[in-house]
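# Residue-level structural notes
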Amino acid sequence: MSVLEVTSELYSEAEFCSTETGNGNSISKFTFVYPNRRDAAPAENGTQPGLANGMDKRYNGQPVADSESKASSVKDSEEVEEESCFEEESFASDYGDSLCEEEQEEVLLYGESGDECCIATHQKDTKPPPIVLDKDGDVVVVRQRKGAIDIEHRKSTRLDAVGLQIWRGALLLGDYIMHNERKFKNTHILELGSGVGLTSIVASMYAREVICTDIDIEGLLDLLRDNMQRNAHLSSPHCRVHVTELDFKVSYQDYPRDLKTKLQDVQYVIAADVIYDDDITEAFVRTIVSLLLELPKLKAIYIALEKRYVFTLEDMDSVAPCYDYFLRYFEKRNGRFGVNRWKLINVCMDFPRYFDYDKVKDLVLLKVCHASK
Ligand SMILES: C[S@@+](CC[C@H](N)C(=O)[O-])C[C@H]1O[C@@H](n2cnc3c(N)ncnc32)[C@H](O)[C@@H]1O
């Protein structure tokens, strides 16, 4: 059993309104702004949408490229493909303009080191939303509607009980779901390694069914259940929420029958910050490969993670060992099926923050889906 005590980086950077429960846990309020679809319109000067949310305008600490940037498309050095920043389903439909791919322009955006790029898709002909005036001729300002998720969690744990804390990846994935609410609306979502449930709570705001899963360590599943219940008022009225154990180290064949039945409807699998230990990573990869093989309606798996760079004397460089190991192990399992059957896409990080946290440059969002899709 691990005795190493760890603390989520999230706590050191933001002031959460927390109260102590007396049993060693805290209840913290994670405030967010609801997506205001008007903010999604690209501004005339080509800057990114959704940044009028009261949150900052950083793209991994970098200003976004302007619309004059040269259009092209490359794979990054890790051969991870990129997904466009704006998902057509969520973006175009908000303005009633059905934009086909030919109407979109690809613009390269470079991260700090220049080794990562992502393709932002600007709609050339999208009209800005109309300016609405009130009867006195004043511009009607659309106010951001705010919400809050209350989560009971620990502020520090042993390494094997990190699910009792909240990690940045949970907020990143929450942002992505909010920004793509139309994609996730009325869908069936499975979360792996849900921890205390923040991302599952966001998913429940849009989905028809959310299956929240984790290992049952130190009362984690009870805490997850309590947090889902505590925030039930935020869920879509039609959403069914289930909390159940799913251990990556258990093979799909040994899952309980009722879990297997529920999984048949799952369209999206999500997981935040589950890549931090090579043993767990291997088991996680085996789990997602089984799900890709077994779930007939599965469209994509979204994985949020923090690369967590370290400097090693062996490499004489900063490396992200857990992330690199995940890529290598995924590649190995993927290669088992002859030609690579699934592709790993680096989702562009330039979607806005709806939660208040530091969207550090080490955060990554990956999408896994069938190579043919
Ligand atoms: C760093 S925490 C992330 C928790 C949550 N997703 C978040 O981002 O706040 C890693 C999660 O992976 C879960 N986990 C670790 N080993 C696991 C296993 N064998 N099967 C399923 N989940 C596991 C932990 O319990 C924990 O909830």
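Reading guide: rules and limits
- The residue numbers shown here count from 1 along each chain, following its written sequence.
- The predicted origin of the model limits local features to residues at a pLDDT of at least 70 and limits the giving and counting of side-chain atom pairs to 80 or more, whereas totals for whole chains, interfaces and linings rest on all residues.
- Here the rule is simple: two strands pair whenever DSSP picks up at least two bridges between them.
- Per the convention used, a helix needs a DSSP run of H or I reaching at least four residues, while a strand needs a run of E reaching at least two, with both numbered from the N terminus.
- Under this scheme, a helix contributes an axis fitted over its contacting stretch, all axes are lines through C-alpha atoms, and angles between N-to-C directions fall in the 0 to 180 degree range.
- What we call a nonpolar core is a set of buried Ala, Val, Leu, Ile, Met, Phe, Trp, Tyr and Cys residues whose membership is set by joining through C-beta atoms within 7 Å.
- Here exposure depends only on C-beta density: within 10 Å of a residue's C-beta, 20 or more other C-beta atoms make it buried, 12 or fewer make it exposed, and intermediate numbers make it partly exposed, the C-beta atoms being placed from the backbone.
- Contacts are defined on C-beta atoms placed from the backbone: any two residues whose C-beta positions lie within 7 Å are in contact.
- The predictor reports its confidence for every residue as pLDDT, a score running from 0 up to 100.
- One fewer than the residue count of a helix, multiplied by 1.5 Å, yields its expected span.
- This arc is taken over the directions from the axis of the helix to the C-beta atoms.
- Nearness here is judged by the C-beta atom: place it from the backbone, and if it falls within 6 Å of a molecule or strand, the residue counts as near that partner.
- By definition, turning the near helix anticlockwise from the far helix through less than a right angle yields a left-handed crossing, and turning it clockwise yields a right-handed one.
- In this classification, Asp, Glu, Lys and Arg are treated as charged, Ala, Val, Leu, Ile, Met, Phe, Trp, Tyr, Cys and Pro as nonpolar, and every other residue, Gly included, as polar.
- With strands facing away from the observer, any crossover in which the path from the first strand over the helix to the second runs clockwise is taken as right-handed.

As recorded by an unreviewed UniProt entry, the protein carries the name Methyltransferase-like protein 22 and is attributed to Anopheles coluzzii.

## Side note on the sheet that holds strand β3 (residues 26-33)
What the 3 strands build is an open sheet, ordered β2-β3-β7; its pairing is antiparallel. The two strands at the open ends of the sheet, each matched to only one other strand, are β2 (17-20) and β7 (146-153). Within this sheet the neighbouring strands show an average axis-to-axis angle of 20 degrees, counted without direction.

## A closer look at the nonpolar core
The biggest cluster of nonpolar side chains holds 76 residues, and the ones touching the most others in it are Leu198 and Val269. Per-element accounting of this core gives the leading share, 7 residues, to helix α3 (residues 168-179). Dropping the residues within four chain positions of it, Leu198 is found in contact with Phe30, Ile149, Ile151, Ile166, Ala170, Leu171 and Gly174.

## What about the confidence of the model for the protein?
For the protein, mean pLDDT is 78; residues scoring 70 or higher make up 74% of the total. Scored below 50 in pLDDT, residues 38-79 shows 76 contacts in the model against residues more than four places distant or in partner chains. This stretch, residues 85-126, has a pLDDT under 50; its non-local contacts, to residues over four places away or in other chains, come to 92 contacts.

## Thoughts on unusual backbone geometry
We note that Asn186 has phi near 60 degrees; this positive angle belongs to a residue other than glycine. Within the secondary structure layout, Asn186 lies in the loop between α4 (181-184) and β9 (188-192). On the basis of neighbour count, Asn186 is assigned to the partly exposed category, with 13 C-beta atoms found within 10 Å. Residue Glu218 is not a glycine yet carries a positive backbone phi of 50 degrees. For Glu218, the location among the structural elements is in the loop between β10 (209-214) and α6 (220-230).

## With respect to helix α9 (residues 321-335)
The end-to-end C-alpha distance of α9 is 21 Å, a good match for the 21 Å that 15 residues give at a rise of 1.5 Å each. Among the residues of α9, Tyr323, Phe326 and Phe330 are the ones counted as buried. Buried residues of α9 fall within an arc of 55 degrees about the axis and therefore sit on the same side. α9 presents Asp324, Arg328, Lys332 and Gly335 as exposed residues on the side facing more than 90 degrees away from its buried surface. Buried residues along α9 sit against α8 (278-294), β13 (300-306) and β16 (342-347).

## Quick notes on the environment of Asn340
Inspection of the secondary structure puts Asn340 in the loop between α9 and β16. What makes Asn340 partly exposed here is the crowd of 13 C-beta atoms within 10 Å. The sequence separation of Asn340 and His370 amounts to 30 residues, and the corresponding C-alpha distance is 9.2 Å. When neighbours within four sequence positions are excluded, Asn340 is seen to be in contact with Asn334, Gly335 and Ala371.

## A look at the site of the ligand
The full set close to the ligand counts 20 residues, and Gly163, Ala170, Gly193, Gly195 and Ala272 are the nearest of them. Those elements giving two or more residues to the shell around the ligand turn out to be α3 and α8.

## Observations concerning the packing of α8 against α9
In the contact formed by α8 and α9, the axes pass within 10 Å of each other and the chain directions differ by 35 degrees. Here the hand of the crossing between α8 and α9 comes out right-handed. Touching Asp278, Thr281, Glu282, Val285 and Val289 of α8 are Cys322, Tyr325, Phe326, Tyr329, Phe330 and Arg333, all from α9. Split by residue class, the contact of α8 with α9 holds 7 nonpolar, 1 polar and 3 charged.

## Things to note about the pairing of strand β11 (residues 240-245)
Moving residue by residue along a regular strand, the side chains alternate between the two faces of the sheet. In this sheet, β11 lies alongside β10 in parallel orientation, the contact comprising 6 bridges. Bridged to Ile211 within β11 is His242. Note that the unit made of β10, α6 and β11 has a crossover that is right-handed.

## Examining the environment of Ser194
The residue Ser194 is located in the loop between β9 and α5 (198-204) in this model. Taking the C-alpha atoms as reference, Ser194 lies 9.4 Å from Ile211; in sequence the two are 17 residues apart. Excluding its chain neighbours within four sequence positions, the residues that come into contact with Ser194 are Thr199, Ser200, Cys212, Thr213, Asp214 and Leu224.

## With respect to the pairing of β3
Sheet analysis places β2 next to β3, joined by 4 bridges and oriented antiparallel. Across the sheet, residue Ser18 finds its bridge partner in β3, namely Ser28. With antiparallel pairing between neighbouring strands as the criterion, β2 and β3 make up a hairpin whose turn holds 5 residues, including Gly22 at a positive phi of roughly 95 degrees.

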